[in-house]
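# Chain and residue survey
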Amino acid sequence: MWSADQNLGGGVGHWHPHMMVFCPYYENSMLGNNPFGAPLPQVTDDAGTPFAVVVIAVNEKLAIKAK
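Everything numeric here is computed off the predicted structure, so don't read it as measured data. (Residues numbered from 1 in each chain as written. Predicted model: local features only at pLDDT ≥ 70, side-chain atom pairs only at ≥ 80, totals over all residues. Heavy atoms only, no water.)

## Some points on the overall build of the protein
The line we're drawing: Numbering goes from the N terminus for both helices and strands, where a helix is a DSSP run of H or I of at least four residues and a strand is a run of E of at least two. Burial status follows relative accessibility: with a 1.4 Å probe on protein chains alone, a residue under 20% of its type maximum counts as buried, one over 50% as exposed, and anything between as partly exposed. We call two residues in contact whenever any of their non-hydrogen atoms come within 4.5 Å of each other. Values of accessible area rely on a 1.4 Å probe in the Shrake-Rupley scheme; residue burial ignores everything except the protein chains shown.
Scanning the protein for helices and strands turns up 0 helices and 3 strands. When the helices and strands of the protein are read in sequence order from the N terminus, they spell out β-β-β. Relative to its full complement of 67 residues, the protein shows a buried share of 30%. Considering only residue pairs separated by 6 or more positions, the protein has 48% of its internal contacts joining residues 24 or more positions apart. Put simply, the protein shows about 4,600 Å² of open surface, and 63% of that area lies on carbon and sulfur atoms.

Below is the structure:
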């Protein structure tokens, strides 16, 4: 998800390039309770489950851009 041209679909649209890290049982409180959609690390809606994923936004200057 390093694309600078990504679109996450209805309701979200364009968002930051990001990494997704599989982190079973992680809770958003473990990362500072950052709000959903913020460009800060946050746990997806599967927080606290074996399927939890942490989303980490990356610098847009490092993203891959379409030519």
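## Notes on the environment of Trp15
With respect to the helices and strands, Trp15 occurs in the segment before strand E1 (18-22). For the pair Trp15 and Gly37, spaced 22 residues apart in sequence, the C-alpha separation works out to 8.2 Å. Among residues more than four places away in sequence, those in contact with Trp15 are Gln6, Leu8, Gly37, Ala38, Pro39, Gln42, Val55 and Ala57.

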